[in-house]
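This is what each chain is made of:
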Amino acid sequence: MKGQVEILLVEDNPDDAELTLRTLKKHNLGNHVEWVKDGAEALRFIFGNGQPPVGDIHTPRLVLLDLRLPKVDGLEVLQRLKADARTRVIPVVVLTSSTQEQDLQRCYELGANSYVSKPVQFEEFADKVAQLGLYWLLVNKAPGPA
């Protein structure tokens, strides 16, 4: 059920998504994960179809966001989340294959809480995902939505 989502995974690569989901589940962090495959779907999931967004919204405890997405790119998703008072406190971790300095800089300018480059090696990727989930869901204390 959408109201119970702890992690919103925004990832268009099915292999990366499957590895992320499996790793979260292995560490007991994957019970309430919603996977969406593009930026438009992510915005629809959180804000609904309202233009502008109105009424109840879905506020996951954490968003794992890829940058290179079809339809609406990750930078625009990040900008929309951080511009809305109802969603700006949701931690957004950019989990991307980009190592470009301008992407890193822009993400932090838009309010990203963390920027993590996806490792190429399977084990290293799984380890980073596990660390992210453990930190953001169990260690970090975040305020509730506005």
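Please refer to the structure placed before this passage.
Keep in mind that this is a model prediction, so the values were computed, not measured.

Draft legend 1. Looking closely at the nonpolar core. Among the nonpolar cores identified, the biggest contains 27 residues, and Leu8, Val10, Val63, Leu65 and Cys107 are the most heavily contacted of them. For this core, the elements supplying multiple residues, two or more each, are strand E1 (7–10), helix H2 (39–47), strand E3 (62–65), helix H3 (74–83), strand E4 (92–96) and helix H4 (101–110). Looking at this core, the element that brings in the most residues is H2, giving six residues. If we ignore the near neighbours within four places in the chain, the residues touching valine 10 are Val36, Asp38, Ala42, Val63, Leu64, Leu65, Asp66 and Leu69. By size, the runner-up hydrophobic cluster in this structure holds 17 residues, among which are Leu9, Val93, Val129 and Leu137.

Draft legend 2. Fine view of the pairing of strand E2 (residues 33–36). Both E1 and E2 contribute to a ladder of four bridges, which runs parallel. Across the sheet, residue leucine 9 finds its bridge partner in E2, namely tryptophan 35. At this point the chain moves from E1, through helix H1 (residues 14–26), to the parallel E2, and the crossover so formed is right-handed.

Draft legend 3. A look at the packing of H2 against H3. With their axes 9 Å apart at the nearest point, H2 and H3 run at an angle of 20° to one another. Put simply, H2 runs roughly parallel to H3. Here H2 runs over H3; the crossing is right-handed. Across from Gly39, Ala42, Leu43, Ile46 and Phe47 in H2, the residues of H3 making contact are Val77, Arg80 and Leu81. Grouping the amino acids of the contact of H2 with H3 by side-chain chemistry returns six nonpolar, one polar and one charged.

Draft legend 4. Highlighting the pairing of strand E5 (residues 114–117). As paired elements, E4 and E5 share four bridges and run parallel to each other. Paired with leucine 95 across the bridge in E5 is valine 116.

Draft legend 5. Expanded view of the environment of serine 97. Position of serine 97 relative to the elements: it lies in the loop between E4 and H4. With relative accessibility at 54%, the residue serine 97 sits in the exposed group. Excluding anything up to four places from it in sequence, serine 97 contacts Asp66 and Lys118.

Draft legend 6. Spotlight on H2. For H2, the tally of buried residues reaches seven of nine residues, placing the bulk of the element in the interior. If you check which residues of H2 are buried, you get Gly39, Ala40, Ala42, Leu43, Phe45, Ile46 and Phe47. On its buried side, H2 packs onto E1, E2 and H3. Put simply, aspartate 38 is the residue that caps the front of H2, since its side-chain oxygen is 3.0 Å from the backbone nitrogen of alanine 40. Glycine 48 lies just past H2 and shows a positive phi near 80°.

Draft legend 7. Structural context of the pattern of salt bridges. Applying the stated criterion to the full structure yields nine salt bridges. A salt bridge links aspartate 38 to lysine 71, with the nearest nitrogen and oxygen atoms 3.7 Å apart. Of this pair, aspartate 38 sits in the loop between E2 and H2 while lysine 71 sits in the loop between E3 and H3, placing them 33 residues apart in sequence. By relative accessible area, which is 71% here, lysine 71 ends up exposed. Note that aspartate 66 and lysine 118 form a salt bridge whose closest N and O atoms lie 3.8 Å from each other. Placement of the pair is aspartate 66 in the loop between E3 and H3 and lysine 118 in the loop between E5 and helix H5 (122–139), with a sequence separation of 52 residues. Just as aspartate 66 is buried, lysine 118 falls in that class too. A single network of salt bridges, built from pairs that share partners, joins Glu11, Asp16, Asp66 and Lys118.

Cut-offs applied
Residues numbered from 1 in each chain as written. Predicted model: local features only at pLDDT ≥ 70, side-chain atom pairs only at ≥ 80, totals over all residues. Heavy atoms only, no water. Core = buried A, V, L, I, M, F, W, Y, C linked by side-chain atoms within 4.5 Å. Buried < 20%, exposed > 50% of the residue type's maximum accessible area, 1.4 Å probe, protein only. Helix = DSSP H or I, 4+ residues; strand = E, 2+ residues; numbered from the N terminus. Contact = heavy atoms within 4.5 Å. Pairing = 2+ DSSP bridges. Right-handed = clockwise from strand over helix to strand, strands pointing away. Axes fitted to C-alpha atoms, helices over the stretch in contact; angles between N-to-C directions. Parallel < 35°, antiparallel > 145°, perpendicular 65-115°, else oblique. Left-handed = near helix turned anticlockwise from the far one by under 90°. Nonpolar A, V, L, I, M, F, W, Y, C, P; charged D, E, K, R; others polar. Polar contact = N/O pair within 3.5 Å; in protein donor to acceptor, adjacent residues only side chain to side chain. Salt bridge = Lys/Arg side-chain N within 4 Å of Asp/Glu carboxyl O.

The analysis is restricted to geometry; functional conclusions fall outside its scope.
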